[in-house]
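Residue-level listing of the chains:
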Amino acid sequence: MIRLVKDKLAGAGMLALAGVPGLVVFAMILGLYGRSRPILAAKPLSELLFSSSWHPLRGEFGLFTFIMGTLWVTAVAVAIAIPLCLLASIYLAEYAPRRLREWTAPLIDLLAGIPSVVFGVWGVLVVVPLIKNHVAPLAGVSSSGYCVLAAGIVLAVMVFPVIVHVSVEVLKTVPNEVREASLALGATRWQTIRHVVMRKAMPGVIAAVVLGLSRAFGETMAVLMVAGNVAAVPKTVFDPAYPLPALIANKYGEMLSVPMYDSALLLAALALLMVVLLVNVAARAILLRVERSVQ
Amino acid sequence: MDARKVEEFVWKTLAAAAAFALFLSLFLIMATILAKGLPSLNMAMLTQTPRGGYYLGKEGGILNAIVGSLYLAGGATALALFLSVPIVLYLNVYAKKRSRFVLFTRFSLDVLWGVPSIVYGAFGFTIMLLFGLKASLLGGIIAVALLILPIMSRAMDEVVRTVPHELFEASYALGATRLETALKVVARQAVPGIVTATLIAFGRGIGDAASVMFTAGFTDAVPSSLLRPAATLPLAIFYQLGTPFPEVQNRAYASALILTLIVLAISLVSRVLARNLTKHIVK
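Conventions adopted
Residues numbered from 1 in each chain as written. Chains lettered and ligands numbered in written order. Predicted model: local features only at pLDDT ≥ 70, side-chain atom pairs only at ≥ 80, totals over all residues. Heavy atoms only, no water. Helix = DSSP H or I, 4+ residues; strand = E, 2+ residues; numbered from the N terminus. Buried < 20%, exposed > 50% of the residue type's maximum accessible area, 1.4 Å probe, protein only. Contact = heavy atoms within 4.5 Å. Areas by Shrake-Rupley, 256 points an atom, 1.4 Å probe, with all protein chains shown as cover. Salt bridge = Lys/Arg side-chain N within 4 Å of Asp/Glu carboxyl O. Polar contact = N/O pair within 3.5 Å; in protein donor to acceptor, adjacent residues only side chain to side chain. Nonpolar A, V, L, I, M, F, W, Y, C, P; charged D, E, K, R; others polar. Axes fitted to C-alpha atoms, helices over the stretch in contact; angles between N-to-C directions. Parallel < 35°, antiparallel > 145°, perpendicular 65-115°, else oblique. Left-handed = near helix turned anticlockwise from the far one by under 90°. Domains from an automatic or database assignment. Buried area = accessible area lost by both parts, 1.4 Å probe.

S.K.: Can you lay out the overall build of chain A for me, pointing to particular residues and giving the numbers?
M.R.: Each helix and strand in chain A was counted, giving 12 helices and 2 strands. Starting at the N terminus and walking to the C terminus, you meet the elements of chain A as α-α-α-β-β-α-α-α-α-α-α-α-α-α. In terms of principal-axis extent, the alpha carbons of chain A reach across some 80 × 70 × 30 Å. For chain A, the proportion of its 295 residues judged to be buried stands at 48%. Taking all contacts inside chain A whose residues are at least 6 apart in sequence as the whole, residues at least 24 apart take part in 69%. With the model as given, the accessible surface of chain A reaches about 13,600 Å², and the carbon-plus-sulfur share is 67%.

S.K.: An account of the interface of chain B and chain A is requested, with residue identities and associated values reported.
M.R.: With 76 residues of chain B at the interface, the matching set in chain A holds 76 residues. Scanning the region where chain B abuts chain A turns up 3 salt bridges. The closest approach of N and O atoms between Glu180(B) and Arg3(A), which form a salt bridge, is 2.8 Å. At the surface where chain B touches chain A, the tally comes to 12 residue pairs in polar contact (both at pLDDT 80 or more). Secondary structure elements with two or more residues in the side of chain B that touches chain A: helix H1 (3-40), helix H3 (63-94), helix H4 (100-114), helix H5 (117-131), helix H6 (137-161), helix H8 (178-189), helix H10 (233-241) and helix H11 (246-277) of chain B. A per-element tally of the side of chain B that touches chain A places H1(B) first, with 21 residues. Tallied by class, residues from the side of chain B that touches chain A come to 56 nonpolar, 11 polar and 9 charged.

S.K.: I'd like a description of the packing of H3(B) against H6(B), backed by residues and values.
M.R.: Helix packing geometry: the angle between the two helix axes and the distance between the axes. Residues and elements named next belong to chain B. The interhelical angle for the contact between H3 and H6, taken along N-to-C directions, is 40°, at an axis separation of 6 Å. On the basis of their axis angle, the class for H3 and H6 is oblique. Of the two possible hands of crossing, H3 and H6 adopt the one that is right-handed. A per-class count over the contact of H3 with H6 returns 20 nonpolar, 7 polar and 2 charged.

S.K.: Describe the environment of Leu261(B), listing the residues and the values that go with them.
M.R.: In this fold, Leu261(B) is placed in helix H11. As for Leu261(B) and Gly68(B), which are separated by 193 residues in sequence, their C-alpha atoms are 16 Å apart.

S.K.: Go over the domain arrangement of chain B, please, and point to the residues and values.
M.R.: Residues and elements named next belong to chain B. If you check the domain split of chain B, you get domain 1 (3-40) and domain 2 (45-280). Counting residues at the interface gives 7 residues for domain 1 and 8 residues for domain 2. For the pair domain 1 and domain 2, the two sides together bury roughly 600 Å², of which 80% comes from carbon and sulfur. The largest contributions to the domain 1 side of the interface with domain 2 come from Ile33, Lys36 and Ser40, which together make up 64% of the buried area. Where domain 1 touches domain 2, the interface holds 0 salt bridges. Across the contact surface, domain 1 and domain 2 share 0 residue pairs in polar contact (both at pLDDT 80 or more). Here the residues of the side of domain 1 that touches domain 2 are counted per class, giving 4 nonpolar, 2 polar and 1 charged.

Structure, rendered in structure tokens:
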């Protein structure tokens, strides 16, 4: 009897705790929405999102500059990371000798755990001077080095391990018989990879890229350290950018004295949260479709 | 030569070059951190707190950040573990498979996994304002615990899901209740997974800066209570790298090296433990 009561009690307790993740998601959305209500009530959403006039002391809180900063930095990171990661995963999964593969897999895992702030240090010490002294002069422009390109490179290197780890796993799930069938028909290794393996693995690889992208998108510290943080829409990759997470991190301390400042910043946080939510729903829909097509 | 062979050669070389570039860049990061960190590392760095203020003072070390980070990540990991284990056991033992609640909870964990850490920081701070808490070790612990909860739960969930169904049935057939099955069969099977999940979460928690920026604050002192602010290694790097003084920057480099070493050590330990603990697991 006591055992059954214990079982029921523990079940109820665990159920309560199991509700926590869902509750946190709701609390986050509601909490951030509640705190950004004052500014949403005072200004139309279109002005907040599409005006680039950011003058908190005059009560103007256009987030457009920062949204563009985030988009630029993420786009550059993705443009660098995708081709490199795809080729590298293809090499590691399809061409590399087994020994090498066994060595690199744990190494990639290890690297995936390195804190972003360490990547930021590398960015400040290596990437920024490199761009300032070599890359920018080569392109015929002058740049402080703290720019979109620097942030993009640092982010790309940061998401390498994440994307490669998942893509290699995905490529490994493609059955060998498929490869053999293609090779038996006289296709070269590369033709097999391109027309058979990649086609099979595409949805998983896309999921890997989305995973990396969402990590790059919300990354704060590494970007904050190298992006330059100038509130202007960048025109080239050598211009500084001021992405949303960097804005929140930099201004959150001083916000309490200016009216509506905290509202504007928490609206920025809410925007980040909503994008993550949308990406997740989309990724889930893709994965469900993939699972169904496999079955 | 055959055009197809040329194509094959070109792409294979490109792929190898990409893999090489990738490892080279990551190797360069490690080399940079080592080259900058090792010269600034000494006993005083590890055993003293900064003197004259962390931003300006040229003497002292980073003890405040090392201890602060360990307290904070340790507390957050304990809190997240306390939540994760019941969540995962409930999802896998008590709840009906593929029920709405299970799907929703897993989806929520996925969403939380993707939420940027700065959002946890902002949200955590909002909650702290609600309760009238100032930037403190406790605030930091709560924010980081929320941040690592999805990482830990998902990692555990992956492992617990692989516990064979026959084991459940054998346990129920012997008259065990669900609680007994959960604690004595499932949890035991999942020990390696729980250990690695905990260590991964600790590694993520100790390395995150954005979530502790407003919630834990920063201080020169080693925190003496839960309600005092706490310094952390990532923020020690961030703040002290930004100063014009080389002596202060050295503290940032030393912090970066220590943090990297801690994270790598944890990763290695979890690998070894996972291998050793899986010996007695029923597959």
